[in-house]
Amino acid sequence: MDAYQAYMREIAEPMRRELTNYDFTELLEPSDVDQYMKDATDDTTTFVVINSVCGCAAGLARPAAVTVASQNPIKPDRLATVFAGQERPATETLREYIDEPASSPSMALFKGQELVSFLGRSDIENRAIEDIMTDIKDAFDTHCAK
């Protein structure tokens, strides 16, 4: 790892912990992503945050994701995260499961391996955090209810 990569990893560590401290599984390698998605049965719901160092990730995406994932009565079965710009191959592998243009930060909700809800950067930046949380809550309430 060169000096730049080491520096960026150090800078990103607190941003990773914002999610992993709330039970988001960090997917670091393409094989991690493929296995995680393969393990999803047809009725399993999976919420994935594509993390980034961008300001809207820090101020809006991560706090909204963590708040709804931890407080909403209806929750997905599994929580995961990849870090765009850090684990590029893992992020690219996850994006193969998402039929949307690459976007970071972003949030995807899957039922089995089917994408049922997606919030891209354009759905996050320049919006009130309460509106983003409402979008996440609505997706959970619609697709995660048993």
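See the structure shown above.
Let me begin by describing the structure that accompanies this report. Owing to the predicted nature of the structure, the values given are computational and were not obtained by experimental measurement. (Residues numbered from 1 in each chain as written. Predicted model: local features only at pLDDT ≥ 70, side-chain atom pairs only at ≥ 80, totals over all residues. Heavy atoms only, no water.)

Attention now goes to the pattern of salt bridges. One pass over the full model with this rule turns up 10 salt bridges. Salt-bridge contacts for Glu87 lead to Arg9; the nearest nitrogen and oxygen are separated by 2.8 Å. Linking Glu87 in the loop between strand S3 (78-83) and helix H4 (88-97) with Arg9 in helix H1 (residues 3-20), this pair joins segments that are 78 residues apart in sequence. Among the salt bridges present, the one from Glu26 reaches Arg16, with a minimum N-O distance of 2.5 Å. Placement of the pair is Glu26 in strand S1 (residues 25-26) and Arg16 in helix H1, with a sequence separation of 10 residues. A relative accessible area of 3% places Arg16 in the buried class. One salt-bridge network, in which partners are shared between bridges, spans Arg9, Glu13, Arg16, Arg17, Glu26 and Glu87. (Salt bridge = Lys/Arg side-chain N within 4 Å of Asp/Glu carboxyl O. Helix = DSSP H or I, 4+ residues; strand = E, 2+ residues; numbered from the N terminus. Buried < 20%, exposed > 50% of the residue type's maximum accessible area, 1.4 Å probe, protein only.)

This part is about the sheet that holds strand S4 (residues 106-111). Taking strand neighbours across the sheet as the criterion, the five strands line up as S1-S3-S2-S4-S5 in an open arrangement whose pairing is mixed. Since the sheet does not close on itself, it has two edges, and those belong to S1 and strand S5 (114-119), each with one partner. Bridge analysis of strand S2 (residues 45-51) against S4 gives six bridges, and the strand direction is antiparallel. By the bridge assignment for S4, Thr45 is matched with Lys111. Along the sheet, helix H6 (residues 129-143) makes contact with S2, S4 and S5, crossing S4 at roughly 10°. (Pairing = 2+ DSSP bridges. Contact = heavy atoms within 4.5 Å. Axes fitted to C-alpha atoms, helices over the stretch in contact; angles between N-to-C directions.)

Let us now look at the layout of surface pockets. Roughly 240 Å³ of internal volume is contained in the largest pocket. Taken together, Met1, Tyr4, Gln5, Met8, Arg9, Val53, Phe83, Ala84, Gly85, Gln86 and Arg88 form the lining of the largest pocket. Broken down by element, the residue count for the lining of the largest pocket peaks at four residues, all from H1. Class assignment of the residues belonging to the lining of the largest pocket gives a composition of six nonpolar, three polar and two charged. (1 Å grid on protein atoms, 1.4 Å probe; cavity = no way out; pocket = protein on both sides within 12 Å on 5 of 7 lines; lining within 4 Å. Points joined across faces, edges and corners; volume = space filled by probe spheres on them. Nonpolar A, V, L, I, M, F, W, Y, C, P; charged D, E, K, R; others polar.)

Omega for the bond connecting Ser104 with Pro105 falls within 30 degrees of zero, at 0°, which places this linkage in the cis form. Within the element layout of this structure, Pro105 appears in the loop between H4 and S4. With phi around 65°, Asn126 is a residue other than glycine that occupies positive phi space. By the element assignment, Asn126 lies in the loop between helix H5 (121-124) and H6.

Another aspect to go through is the pairing of S5. Where S4 lies against S5, five bridges are found, and the strand directions are antiparallel. Bridging across to S5, Lys111 finds its partner in Glu114. In this structure, the hairpin formed by S4 and S5 is closed by a connection of two residues, where Gly112 is found at a positive phi of approximately 65°.

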